Amino acid sequence: MFNQRSRAAKRGSASLSLLELESRDVPTFLTNQLFPVDNPWNQVVSNAPVASNSNAIISRIINRHGGTAPTIHADFGNPTTDGALYGIPINVATSSTPKVTVVVPNFGYPSESDSVQVPIPTGAVIEGDGPTGPAAPGSRGDSHLLVYDRDANVLYELVSAVRPAETVYPYGGAHPTGQWGAYQVSYWDLNTNYFRTVGDTSADAAGLPILPGLVRPDEVNPAPGGAGAIDHAIRMTVQQVTDSFVFPASHLTTGYHATDLPRMGERFRLKASFVIPNSWSAEAKAIAQAMKTYGVIVADNGSDMFFQGTPSAQWNMSSVLQVQSIRASDFEVVDLTPIVTGLSTRAGAIGGGTSVTITGKNFSGAAGRLHVLFGTAEAASYTVVSDTQIVAVAPAHAAGYVDVRIQSGESEVDNNGQTVFFGYGTSANTAADDFAFGNVPLPPPPNAPPVSPIPSGRAPVLSPVVVNAPVGTQVIRVLNPGGSTRTVLTPHPGFVGGIIAAAGDVNGDGVADIVTAATFGGHVKVFDGVSLAELRSFYAFPGYVGAINLATGDITGDGVADLLVAANINGHVKVFDGITGNLAISFLAYAGYSGPIALAAADTNGDGRAELITAADGGPGVHVKALAPDTLALSDSFLATGPGNGTGFSVSAGDLDGDGVAEFLVAQGPRVRVIDSRTRAARADFMAFDAASPARVTVQAAQYDGDPYAELIAIAEMQGRSHVKAFDGPGFGLADSFFADTR
């Protein structure tokens, strides 16, 4: 009938030992535990840091309501007192309930539904029914049908459900009578960490289960009728979301692209500063406290700040509705990317076996997908003590320094057959996570004083190799000489549309800092090259949601790298001062051109100042320009290549031979050219990768072998991975070739 697409969470290496979190209550329903304790629905988020765009998201919600923050709304009720069935009902089945086939029409989501029969009880209630019986499909709205098998602890959820005798679906389309029907069917094994295939929807728009996030009287009501506490996150709707999702969601809706909108799966938290009144009912206190401890998860489009529950005659709605004085402004959006803040010991034997207590945040909620990494090696074993502490045993490792990182999530194959990362992300490298194997000097402590600023006029810091995050991934890498990974950074958590990065000393401490941008939307961030602290975050082209490119270089002549950003629509280039962040230059590089712009900065004429270099491919070939930094007067302009094949282009520049003048580096598809800036003669012209490869290739002039000169680096993005090649010597011979994630 249709394909089964759901699957249980993958488990990590057999050598790892994941023990249970600190003892605490977990959600139950009819005496069954709903999902394992490390599932995101059961994750405590009270200590999570606030997301960088939290204020913007909350402000946009408030602005939609005329500047007055809307209050939260309990989207459920008591059918006896309300005279209507508000909420999402739960139908309980047992092992003896007969299972039936549910037809999913072609205009529904058959390829994203599970091929399972559903044990629908007699008299099953659909969301939108009346208080005493069924309602017509056209009046029921989403028409969710939830069936919980209490004996197996499994859940079946349907959307736009219709009964056998009903002739039309709630959202349109004819339904042949005689069988149950639905637009989509999802099966959830609540005994395991079970998820949809990444990219697939569920009965909820975010690809999430509905029941685990509902507010129920058996948990909210005070004893003896209830437990008096909610031990899970709560389902919530908002009017607008951006076109991406964040774990544990696996599906997005389209229509908007903006960083001041939440993603599907976004976690909101009631602020710790909100004081829950003592005068409130036990029900209201329980709901508010859950919103502080576990938060609310954006699961569907709907009215702003509406949270869902089950309809029940057990509700005292006058007690519940006291929470409706809480406003959107009382919430914040949290960032659940893991953070490492300290290690109990910073050195161990190369043979492994050293016990290391790792402190930080966001260590829970990984759903069996947690990895403790010493460099690229998995810990020999680890125990998750709490959301803020892990005890790990170091593996055997060669002598040297590594970063101890926490990776929450794993690579998965999505519904398009692409490998993507599914999880909260990986902790950023900081001085706090440095660990030394063997008898080597300890790395500097995290609070080491900063290096004295480099005076104006110094030689520019030679940039390391920087590897972008290909589409479907979130991690950028900075490489050491020789190709090993120096830094792994997740600068835009949850964004998988491709992240570009560059390196340059923007704060004058003599170390190249990291500049990143989400490929779409113009959101630029700057991170300190030593501590990885976020130095700056801004939108280069406010209101613009298209693609951008960036580079670094000292255009203003103060000895510190500036930020170069181009909008890929009208040739608009901006330069932001590296020290102040202020806009220094703004111009259109190619009149009448509408397409991608590549950027670089280097001294291509030997005058001691870096030129601003742009490149565009309007058809005849890659057109390179070099502009004087102060006047933007044209210093050079030429076609670096002939017509391309539509696989993209890249530009860079750097002094590859130590003569004090930079060469132009141009990639057009897999073809790379090195062009003498004095004569425009090609110093090299070769295929860096297979000529038939459709991969996007970028070039860099960067430090690779540790000498004082730059090397030619070519990087191809292939199916979510980055293939790095280094070329050196007079003939630009291949010096190294590897995938960035292998070192």
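Look up a bit, the structure's there.
These numbers were taken from a predicted model, which means no experiment stands behind them.

Caption draft 1: Expanded view of the side chain of Arg 536. Here Arg 536 is to be found in strand 33 (residues 534-539). One buried charged side chain, Arg 536, makes no salt bridge at all; its nearest oppositely charged neighbour is Asp 577, positioned 6.6 Å away. Of note is the side chain of Arg 536, whose polar atom sits 3.2 Å from the backbone oxygen of Ile 579. If near-sequence neighbours (up to four positions away) are discounted, Arg 536 is found in contact with Val 524, Lys 525, Val 526, Leu 563, Asp 577, Gly 578, Ile 579, Thr 580 and Gly 581.

Caption draft 2: Inspection of the pattern of salt bridges at higher detail. One pass over the full model with this rule turns up 24 salt bridges. Among the ionic pairs, Asp 260 bridges to Arg 60, the shortest N-O distance being 2.8 Å. One end of the pair, Asp 260, is in the loop between strand 12 (234-238) and strand 13 (267-270); the other, Arg 60, is in helix 1 (residues 54-64), and 200 residues separate them in sequence. The partly exposed category is assigned to Arg 60, whose relative accessible area is 22%. One salt-bridge network, in which partners are shared between bridges, spans Asp 129, Arg 140, Arg 163 and Glu 166.

Caption draft 3: Local environment of the sheet that holds strand 10 (residues 184-189). Strand order in the open sheet formed by four strands is 5-7-8-10, and the pairing between neighbours is mixed. A single partner strand is all that each edge strand has here, and the edge strands are strand 5 (90-93) and strand 10. Neighbouring strand axes in the sheet, compared pairwise and without regard to direction, differ in orientation by 20° on average.

Caption draft 4: Structural detail: the sheet that holds strand 29 (residues 485-489). The three strands lie next to each other as 27-28-29, forming an open sheet whose pairing is antiparallel. This sheet does not close on itself; its edge strands, each paired only once, are strand 27 (466-467) and strand 29. By the bridge criterion, four bridges tie strand 28 (residues 476-479) to strand 29 in an arrangement that is antiparallel. Its bridge partner being in strand 29, Ile 476 is matched across the sheet by Leu 489.

Caption draft 5: The arrangement of the pairing of strand 8 (residues 154-159) in detail. Within strand 8, six of the six residues are buried, leaving the element largely enclosed by the surrounding structure. Here strand 8 shows no split at all, with Val 154, Tyr 156 and Leu 158 on one side and Leu 155, Glu 157 and Val 159 on the other all buried. Relative to strand 8, strand 7 (residues 145-149) is paired through five bridges, and the arrangement is antiparallel. Bridged to Leu 145 within strand 8 is Leu 158. The loop that links strand 7 with its antiparallel partner strand 8 comprises four residues; one of these, Asn 153, has a positive phi angle of about 55°.

Caption draft 6: Inspection of the pairing of strand 43 (residues 663-668) at higher detail. Along strand 43, six of the six residues are buried, which leaves the element largely enclosed by surrounding structure. Every second residue of strand 43 is oriented toward a common face, with Glu 663, Leu 665 and Ala 667 on one face and Phe 664, Val 666 and Gln 668 on the other, all of them buried. Note: strand 42 (residues 649-654) against strand 43, six bridges, orientation antiparallel. Bridge pairing in strand 43 places Ala 653 opposite Phe 664. The turn linking strand 43 back onto strand 44 (residues 671-675) is made up of two residues, and Gly 669 within it adopts a positive phi angle of 60°.

Caption draft 7: Geometry of empty space enclosed by the protein. Scanning all chains against the criterion turns up two cavities of 30 Å³ or more. Quantified by volume, the largest cavity comes out at close to 70 Å³. Looking at the largest cavity, it is lined by 14 residues, and the ones nearest its centre are Trp 188, Tyr 194, Phe 195, Leu 208 and Pro 209. Broken down by class, the residue content of the lining of the largest cavity amounts to 10 nonpolar, three polar and one charged. Here the second largest cavity is characterised by a volume of approximately 50 Å³. Lining the second largest cavity, in full, are Pro 464, Val 466, Val 478, Arg 486, Thr 487, Ala 503, Ala 512, Asp 513, Ile 514 and Gly 529.

Caption draft 8: Layout of the nonpolar core. Grouped together as the largest cluster of nonpolar side chains are 99 residues, with contacts concentrated most on Phe 268, Ile 287, Phe 307 and Phe 331. Among the elements that make up this core, the one with the highest residue count is helix 4 (residues 282-293) (six residues). The contacts of Phe 268, once residues within four sequence positions are left out, are Ile 57, Ile 58, Ile 61, Met 236, Pro 262, Gly 295, Val 296, Val 298, Phe 331, Glu 332 and Val 333. With 20 residues, the next largest nonpolar core counts Leu 343, Val 384, Val 404 and Phe 437 among its residues.

Caption draft 9: Structural context of the packing of aromatic side chains. Under the defined criterion, the tally for this structure stands at 19 aromatic pairs. An angle of 70° between the planes, with centres 5.8 Å apart, marks the rings of Phe 76 and Phe 307 as edge-to-face. Note that Phe 76 is positioned in the loop between strand 4 (73-75) and helix 2 (79-82) and Phe 307 in strand 15 (residues 306-308), a separation of 231 residues in sequence. Considered together, Phe 76 and Phe 307 belong to a single accessibility category, that of buried residues. Ring geometry for Phe 195 and Phe 247: centres 5.5 Å apart, planes at 35°, overall tilted. On the criterion of sequence distance, the pair formed by Phe 195 in strand 11 (residues 194-195) and Phe 247 in the loop between strand 12 and strand 13 is long-range, its members being 52 residues apart.

Caption draft 10: View of the side chain of His 251. Of note, His 251 is situated in the loop between strand 12 and strand 13. For His 251, a relative accessible area of 16% corresponds to the buried category. Separated by 2.6 Å, the side chain of His 251 and the backbone oxygen of Ala 205 make a polar contact. Leaving out residues up to four positions away in the same chain, His 251 has contacts with Glu 112, Gly 199, Asp 200, Thr 201, Ala 205, Ala 206, Gly 207, Phe 245 and Met 264.

What counts, and where the lines are drawn
- Residues numbered from 1 in each chain as written.
- Predicted model: local features only at pLDDT ≥ 70, side-chain atom pairs only at ≥ 80, totals over all residues.
- Heavy atoms only, no water.
- Helix = DSSP H or I, 4+ residues; strand = E, 2+ residues; numbered from the N terminus.
- Buried < 20%, exposed > 50% of the residue type's maximum accessible area, 1.4 Å probe, protein only.
- Lys, Arg positive; Asp, Glu negative; His and termini not counted.
- Salt bridge = Lys/Arg side-chain N within 4 Å of Asp/Glu carboxyl O.
- Polar contact = N/O pair within 3.5 Å; in protein donor to acceptor, adjacent residues only side chain to side chain.
- Contact = heavy atoms within 4.5 Å.
- Pairing = 2+ DSSP bridges.
- Axes fitted to C-alpha atoms, helices over the stretch in contact; angles between N-to-C directions.
- 1 Å grid on protein atoms, 1.4 Å probe; cavity = no way out; pocket = protein on both sides within 12 Å on 5 of 7 lines; lining within 4 Å.
- Points joined across faces, edges and corners; volume = space filled by probe spheres on them.
- Nonpolar A, V, L, I, M, F, W, Y, C, P; charged D, E, K, R; others polar.
- Core = buried A, V, L, I, M, F, W, Y, C linked by side-chain atoms within 4.5 Å.
- Phe/Tyr/Trp six-rings, centres within 6.5 Å; stacked < 30°, edge-to-face > 60°.

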